[in-house]
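Close look at the chain arrangement
Single-letter residue listing:
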Number of protein chains: 2
Amino acid sequence: MIPVITAFDRSPDGGKGLARDTRVRWALEEAGQSCDVRPVSFASLRQPAHLALNPFGQIPTYEEDDLVLFETGAIVLHIAERHNGLLPVDAAARARAIAWMFAALNTVEPPILERQTAVLLESDKPWTAERLRSIDQRIDVRLGQLSARLGDDEWLDGGFSAGDLMMVSVLLRLGSSGLLDKHPGLAAYLARGEARPAYRRAFEAQRTFNTRPGPSE
Amino acid sequence: MIPVITAFDRSPDGGKGLARDTRVRWALEEAGQSCDVRPVSFASLRQPAHLALNPFGQIPTYEEDDLVLFETGAIVLHIAERHNGLLPVDAAARARAIAWMFAALNTVEPPILERQTAVLLESDKPWTAERLRSIDQRIDVRLGQLSARLGDDEWLDGGFSAGDLMMVSVLLRLGSSGLLDKHPGLAAYLARGEARPAYRRAFEAQRTFNTRPGPSE
């Protein structure tokens, strides 16, 4: 059986690839694996059937034979451990690649998500401009540190890995914020990630999915 | 060589166990492993010697033979993969335990850290009270979902795992917030985690470390 992942019935971004199923689609493409995608409406996310797959009512989930997984990081790591293409063979290099996955999700993404919350949920508040300046400063510190480590290297630690997949996916969220303008090395790194054939295929698949004709569920 | 981890020279919490080295100490105790702890002053965190270990200037780091790791999640996973006591043997159960690690760090902890940022960095702002109400609502949604999944079980998925270690560590951050009062099942889960002998040993070790006599570095 090929794995089944869940995705928003229609992604709120209209197919820009920012919903987290894109990260799983990308990992599967890098690993040369296919999947079926089951759409989940927003109303269904909080229903028992979906909460049985993910207790926090989020997408994506991953079903493969008897295994049910949630959390994008765990799903990508599961795929990376079972197929070639996303983790080095050397044990120490493999542990470091996993460290970059955690760094992307736990150190770089949190202030970026806090920015998104401020823009989406608090944009009508009198304090938003001042808070955004503070959040952007925290994001900029992280980008500066990441850029310093990357230097002129192509990827974060040797060859492309699941750590790069996750870091590029996180940086993609900065989109039109302009926050990458000060860090041309990171902008180039992001462009290298987006140029990978596996990413292109994953991006096109989610775009086609999110812009398919017909009523939503 | 036994591994060397870094910790704050003096934790800002004065030894309450909330600095992230406690999570690594706990994992090592569950695995029956010891470590050396090297203190790092706040000034040293941003110096080249420490940035070589962790490009984001955080603690803990982990050094073992030629391997240097950063990110608490990656370090705990590394320990869990190499020793008994933190991950089930069955492959599917193991993948689910890792999913709970990611859920703790990526779904439950982010709004808790956002609350901490609001309290520590923005407590003097006119908007803090209103924002705290909004953040607390988001935390409460996550706690309700977690409590529903846990139900009357002892741990999140079968026996105690690295997923529980991380989730308990995240819930410990709620401390005196009162946010756990509505969720007695989670309060009991947290108490079960804190009662584990390995946690007690890790807690005492960090408390002794953080309250040791002598000048700070």
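- Under the annotation held in an unreviewed UniProt entry, chain A carries the name Glutathione S-transferase and is attributed to Hoeflea marina.

Examining the packing of aromatic side chains
- In total, this model carries 20 aromatic pairs over all chains according to the counting rule given.
- Both rings, one in A:Phe70 and one in B:Trp100, keep their centres 5.1 Å apart while their planes meet at 80 degrees; by these two values the pair is edge-to-face. Here A:Phe70, found in strand β4 (residues 67-70), pairs with B:Trp100, found in helix α5 (residues 91-121), and the two come from separate chains. Taken as a pair, A:Phe70 and B:Trp100 share a single burial class, namely buried.
- Seen in terms of ring centroids, A:Trp127 and B:Trp127 are 6.0 Å apart; in terms of plane orientation they differ by 40 degrees. Their pairing is tilted. Of this pair, A:Trp127 sits in the loop between α5 (91-121) and α6 (128-150) while B:Trp127 sits in the loop between α5 and α6 (128-150), which puts the two residues in different chains.

Overview of the UniProt feature "domain: GST N-terminal" (unreviewed entry) in chain A
- Under the present numbering, the feature "domain: GST N-terminal" (unreviewed entry) in UniProt falls on residues 8-87 of chain A.
- In the segment residues 8-87 of chain A, helix accounts for 36% and strand for 18%; the C-alpha atoms at its two ends are 28 Å apart.

Looking at the pattern of salt bridges
All names here are of chain A.
- Tallied over the full model, the rule gives 42 salt bridges over all chains.
- Between Glu-109 and Arg-173 there is a salt bridge, and its shortest N-O distance comes to 2.9 Å. Placement of Glu-109 in helix α5 and of Arg-173 in the loop between α7 (162-172) and α8 (184-195) is noted, with a sequence separation of 64 residues between them. You'll find Glu-109 and Arg-173 in the same group, each marked buried.
- Among the salt bridges present, the one from Arg-200 reaches Glu-204, with a minimum N-O distance of 3.9 Å. Separated by four residues within a single helix, Arg-200 and Glu-204 lie in helix α9 (residues 197-210), roughly one turn from each other.
- The class for Arg-200 is partly exposed, based on a relative accessible area of 37%.
- Classification of Glu-204 as partly exposed rests on a relative accessible area of 32%.

Side note on the domain arrangement of chain A
Residue and element names in this part refer to chain A.
- According to the domain assignment, chain A contains domain 1 (4-85 + 199-210) and domain 2 (91-196).
- Relative to domain 2, the C-alpha centre of domain 1 lies at a distance of 21 Å.
- Between domain 1 and domain 2, the residue contacts involve 15 residues of the former and 19 residues of the latter.
- Of the roughly 1,500 Å² buried where domain 1 meets domain 2, counting both sides, 61% is carbon and sulfur surface.
- Of all residues in domain 1, Arg-23, Trp-26 and Tyr-199 bury the most surface against domain 2, accounting for 40% of the area lost on that side.
- Summed over the shared surface of domain 1 and domain 2, the result is four salt bridges.
- Put simply, Arg-94 and Glu-81 hold a salt bridge, and the shortest N to O gap is 2.8 Å.
- The tally of links from domain 1 across to domain 2 stands at five residue pairs in polar contact (both at pLDDT 80 or more).

Considering the interface of chain B and chain A
- Taken together, the contact between chain B and chain A spans 47 residues of the former and 47 residues of the latter.
- Summed over both sides, the interface between chain B and chain A buries roughly 3,900 Å², with carbon and sulfur atoms accounting for 59% of that surface.
- It is B:Phe56, B:Phe102 and B:Trp127 that lose the most area in chain B upon contact with chain A, and together they represent 18% of the buried surface on that side.
- Linking chain B to chain A there are six salt bridges.
- Between chain B and chain A we count 18 residue pairs in polar contact (both at pLDDT 80 or more) in total.
- If you list the elements that add at least two residues to the side of chain B that touches chain A, you get β4 (67-70), α4 (72-82), α5 and α6 of chain B.
- The dominant element in the side of chain B that touches chain A, judged by the number of residues it contributes, is α5(B), at 16 residues.
- The residue inventory of the side of chain B that touches chain A, partitioned by class, reads 24 nonpolar, nine polar and 14 charged.

Rules used in this analysis
- Residues numbered from 1 in each chain as written.
- Chains lettered and ligands numbered in written order.
- Predicted model: local features only at pLDDT ≥ 70, side-chain atom pairs only at ≥ 80, totals over all residues.
- Heavy atoms only, no water.
- Phe/Tyr/Trp six-rings, centres within 6.5 Å; stacked < 30°, edge-to-face > 60°.
- Helix = DSSP H or I, 4+ residues; strand = E, 2+ residues; numbered from the N terminus.
- Buried < 20%, exposed > 50% of the residue type's maximum accessible area, 1.4 Å probe, protein only.
- UniProt positions renumbered as here; feature names shortened; annotations may be inferred.
- Salt bridge = Lys/Arg side-chain N within 4 Å of Asp/Glu carboxyl O.
- Domains from an automatic or database assignment.
- Contact = heavy atoms within 4.5 Å.
- Buried area = accessible area lost by both parts, 1.4 Å probe.
- Polar contact = N/O pair within 3.5 Å; in protein donor to acceptor, adjacent residues only side chain to side chain.
- Nonpolar A, V, L, I, M, F, W, Y, C, P; charged D, E, K, R; others polar.

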